[in-house]
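Per-entry structural report
Residues per chain, in single letters:
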Amino acid sequence: MRDGTLALHSGRQPGQSLAPSRAVDIGWHAYTAIAWDTYSRQRPEDRPTNAAGETTWFNWTAYPDHGPGAELLETPAGGRVLDLGCGKGGNAAHLATLGMRAVGVDVSPQQLVAARERWGWTSGLQLHQADAISFLREDQEGFAAVYSVYGAVWFTDPARLLPAIRERLRPGGRLVFSQRPPVEGCYGCQASYIPRGADEDPLVVKRWDYEPDAWERLLKEHGFSDVSADVLAAPPGNRKTGTLIVRARA
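In short, a report on the structure. What you are looking at is a predicted structure, and each value in this text was computed from that prediction instead of being measured. (Residues numbered from 1 in each chain as written. Predicted model: local features only at pLDDT ≥ 70, side-chain atom pairs only at ≥ 80, totals over all residues. Heavy atoms only, no water.)

Focus: the sheet that holds strand S2 (residues 101–106)
Read across the open sheet, the seven strands follow the order S3-S2-S1-S4-S5-S9-S8; overall the sheet is mixed. The sheet is open, and its two edges are formed by strand S3 (125–129) and strand S8 (225–232), each paired on a single side. Averaged over all adjacent pairs, the angle separating strand axes in this sheet is 15°, with direction ignored. Contacting S2 and S3, helix H4 (residues 109–119) crosses the sheet at an angle of about 160° to S3. Sitting on the sheet, helix H7 (residues 212–221) touches strand S5 (169–179), S8 and strand S9 (243–249), and the angle it makes with S8 is about 160°. (Pairing = 2+ DSSP bridges. Helix = DSSP H or I, 4+ residues; strand = E, 2+ residues; numbered from the N terminus. Axes fitted to C-alpha atoms, helices over the stretch in contact; angles between N-to-C directions. Contact = heavy atoms within 4.5 Å.)

Observations concerning the packing of helix H2 (residues 28–42) against H4
Closest axis-to-axis distance for the H2/H4 pair is 7 Å, and the angle between their directions is 45°. Taken together, the axes of H2 and H4 lie oblique to each other. On H4, the residues that touch Ala33, Trp36, Asp37, Tyr39, Ser40 and Arg41 of H2 are Pro109, Gln110 and Gln111. Residue composition of the contact of H2 with H4, by class: four nonpolar, three polar and two charged. (Parallel < 35°, antiparallel > 145°, perpendicular 65-115°, else oblique. Nonpolar A, V, L, I, M, F, W, Y, C, P; charged D, E, K, R; others polar.)

Topic: H2
Since the α-helix advances by 3.6 residues per turn, residues separated by three or four positions end up pointing in the same direction. Taking 1.5 Å of rise per residue, 15 residues should cover 21 Å, and H2 covers 21 Å from first to last C-alpha, within 8% of that figure. Those residues of H2 lying buried are Tyr31, Thr32, Ala33, Ala35, Trp36, Asp37, Thr38, Tyr39 and Ser40. (Expected span 1.5 Å × (residues − 1). Buried < 20%, exposed > 50% of the residue type's maximum accessible area, 1.4 Å probe, protein only.)

Brief notes about H7
Along H7, the residues classified as buried are Pro212, Ala214, Trp215, Leu218 and Leu219. Buried residues along H7 cover an arc of 155° about the axis, so they all sit on one side. Facing away from the buried surface of H7 by more than 90 degrees, the exposed residues are Lys220 and Glu221. Among the structural elements, helix H6 (158–168), S5, strand S7 (203–209), S8 and S9 are those in contact with the buried residues of H7. Remark: glycine 223 follows H7 within two positions and exhibits a positive phi of approximately 90°. (Arc of directions from axis to C-beta.)

Structural notes on the pattern of salt bridges
Tallied over the entire structure, the rule returns 13 salt bridges. With a shortest N-O distance of 2.5 Å, glutamate 141 and arginine 101 are connected by a salt bridge. Of this pair, glutamate 141 sits in the loop between helix H5 (132–138) and strand S4 (143–149) while arginine 101 is found in strand S2, placing the two residues 40 residues apart along the sequence. The exposure class assigned to glutamate 141 is partly exposed, which follows from its relative accessible area of 40%. Arginine 101 sits in the partly exposed class, given a relative accessible area of 36%. Taking the shortest distance from any N to any O, the salt bridge between aspartate 226 and arginine 249 comes out at 3.3 Å. Taken together, the residues aspartate 226 in strand S8 and arginine 249 in strand S9 connect sequence positions 23 residues apart. Its relative accessible area of 22% is what places arginine 249 among the partly exposed residues. (Salt bridge = Lys/Arg side-chain N within 4 Å of Asp/Glu carboxyl O.)

A short note on the packing of aromatic side chains
Under the criterion given, the structure shown has ten aromatic pairs. With 4.9 Å between their ring centres and 70° between their planes, phenylalanine 177 and tryptophan 215 make a pair best called edge-to-face. Residue phenylalanine 177 is found in strand S5, and its partner tryptophan 215 is found in helix H7; the two are separated by 38 residues along the sequence. Of the residues examined, phenylalanine 177 reaches a relative accessible area of 0% and is grouped as buried. Between tyrosine 210 and tryptophan 215 the ring centres are 5.2 Å apart and the planes differ by 80°, which places this aromatic pair in the edge-to-face class. The buried category is assigned to tryptophan 215, whose relative accessible area is 0%. One aromatic cluster is present, built from ring pairs that chain together Trp36, Tyr39, Tyr150, Trp154 and Phe155. (Phe/Tyr/Trp six-rings, centres within 6.5 Å; stacked < 30°, edge-to-face > 60°.)

From the geometry alone we can't say anything about function, so treat these as descriptive.
In structure tokens form, the structure reads like this:
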């Protein structure tokens, strides 16, 4: 999971390339893995328990103990579910403890090392290093639900990703994803900067931001139905940015 508390600044100017020269040199896939490894090292480890004292839990938002849980997936025990951009694996591990067959995919080796160290014992959990589209194209079994929490759906071109998801969702299966709501006027492909040392340029990854009604149109255009996109307000406190939660059915 990509924790939305990290400042991912939008700064693309018209005509400005999103890919720094190093990405051209080593390939975008390898560059993206390096970027998310860097991000992973900046993030604190997940809490050992949540506010209810549970050792596993599901969270769609960047705020602890806030918002809905796994019920949005509408998937019973035994169902196969896919986490695109699973990060350190907490959400996928929780689903496995509920009896689902949870598959987590992330491009970052560093994130997956942390996930395996904490959750490798969990029955029913599989973790894979791959980019989202490549994994979806290679999988043959299909899924009852596909989800992303500040993850690969935010950071992958929807024109390429949504058809790949639609191909692997079983009839009636759910696609659910969450991300930060867009900044007004900043829509489509944006640049997100992951800071490094004081004497190093930040790393750059692409993300795709849309208003809720635009997400609804995109999903319907790609064959999804029962689509809804809503912004969940932030919990009481100083932070006011809510969470965009999008749901659809194959």
